[in-house]
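# Notes for the structure review
One letter stands for each residue in the lines below.
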Amino acid sequence: MPTIRKAFMCVIALVFSAISPARAEENLFARPPGGQNVVGIKLGFVNGTTFTVKDRAGVAPDSAFHSQAGVMGGIFFDMSLSRSRHLSINMDIIDIIVNSDREKLLDLSLTLKQRITTANSPFILRPAIGAGLGYMADMNFLRASSFLTLKGYCEMLISTEKPHSYLFELGLVGSPSGGNRKNDVHFTPIVYLRAGIVY
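Source: prediction; values computed, not measured. Here, residues in each chain are numbered from 1, in the same order as that chain's written sequence. Given that this is a predicted model, residues contribute local features only at a pLDDT of at least 70 and side-chain atom pairs are listed and counted only at 80 or more, while totals for whole chains, interfaces and linings are drawn from all residues. Based on all heavy atoms of the structure, the side-chain values leave hydrogens and waters out of the count.

## Re the overall build of the protein chain
Quick note on the threshold: A helix here means a DSSP run of H or I that spans at least four residues, while a strand means a run of E at least two residues long, and both kinds are numbered starting from the N terminus. Burial status follows relative accessibility: with a 1.4 Å probe on protein chains alone, a residue under 20% of its type maximum counts as buried, one over 50% as exposed, and anything between as partly exposed. By the convention used here, residues are in contact when the closest approach between their heavy atoms is within 4.5 Å. Only the protein chains shown count as cover for residues, and all accessible areas are computed by the Shrake-Rupley method using a 1.4 Å probe.
The helix and strand tally for the protein chain stands at two helices and eleven strands. Overall, the protein chain shows an N-to-C arrangement of helices and strands of α-α-β-β-β-β-β-β-β-β-β-β-β. For the protein chain, the proportion of its 199 residues judged to be buried stands at 43%. The long-range fraction of contacts in the protein chain, counting pairs at least 24 apart against all pairs at least 6 apart in sequence, stands at 60%. Total accessible area computed for the protein chain in this model is approximately 10,700 Å², and 65% of it derives from carbon and sulfur atoms.

As structure tokens, then:
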């Protein structure tokens, strides 16, 4: 949908405007302590959500469909912006199950992460907030649709002496706007819990 694409492009422009051109080379290559962990994979569980479907023509009544709990996996790449801030590029796949119908919601997003550490501790907290563009193929109750997604989450990294670290994540993702040519669609926030590994 044009409105969703415009909103997503505005988010991208705002994020990249925060990167000073004079520090671009430093941002790419001079990572802060612990910043070597820039690529990761996550896997976990999501609770159900409710899809609200509205007929744009106003002929059919509004309808709501409830999805069951499922699985959510994803990969990400973090780029250092400063000693304590990262820009993260994420690709997530969310299981959507409605009765016997099953499909995947693909979500591509950008998030800003704030790195919080304490002295002599292996634990690193990284709260994050961002926006993305989601897509889901045809289901029995809904045609193929795209979504503006908003997400907020917090990661806890556990540093090790090995080349990798462990990660635990608690978050929310939802869509205030979306749909297709026939319907306006949004879904309520999904709570998810994941674990992963970071290199």
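What follows continues from the structure just given.
## A few points about the packing of aromatic side chains
Filter applied, for reference: Geometry of aromatic contacts follows a simple scheme: Phe, Tyr and Trp rings, the Trp one being its six-membered ring, pair when their centres are within 6.5 Å, and the pair is stacked under 30 degrees between planes, edge-to-face over 60, tilted otherwise.
Throughout the structure, instances matching the rule amount to five aromatic pairs. Ring centres of Phe51 and Phe187 lie 5.3 Å apart, and the angle between their planes is 50°; this geometry places the pair in the tilted category. Taken together, the positions of Phe51 in strand S2 (residues 50–55) and Phe187 in strand S11 (residues 183–198) put the pair 136 residues apart, joining distant regions of the chain. Judged on exposure class, the residue Phe51 and its partner Phe187 are both buried. Taken together, Phe51, Phe65, Phe141, Phe147 and Phe187 form an aromatic cluster joined through their ring pairs.

## Some words on the environment of Ser82
Applied cut-off: Counted as a polar contact is a pair of N or O atoms within 3.5 Å, where, for protein atoms, one must be capable of donating a hydrogen and the other of accepting one, and residues adjacent in sequence contribute only when both atoms are in side chains.
As for its placement among the helices and strands, Ser82 is situated in the loop between strand S4 (70–80) and strand S5 (85–98). Placed 32 residues apart in sequence, Ser82 and Gln114 show a C-alpha to C-alpha distance of 9.7 Å. A polar contact of 3.3 Å, which involves the side chain of Ser82, links it to the backbone nitrogen of Arg85.

## Focus: the nonpolar core
As a reminder of what qualifies: In these notes, a set of buried Ala, Val, Leu, Ile, Met, Phe, Trp, Tyr and Cys residues joined through side-chain atoms within 4.5 Å is what counts as a nonpolar core.
Counting residues in hydrophobic clusters, the biggest one holds 20 residues, and the most contacted among them are Phe51, Ile94, Ile96, Leu105, Met136, Phe141 and Phe147. Where this core is concerned, the elements lending two or more residues are S2, S5, strand S8 (123–136), strand S9 (145–158) and S11. For this core, the element with the most residues is S11, which contributes four residues. Residues Ile124, Leu157, Leu167 and Val198 belong to the second largest nonpolar core, which totals five residues.

Limitation: the analysis is restricted to geometry and does not speak to function.
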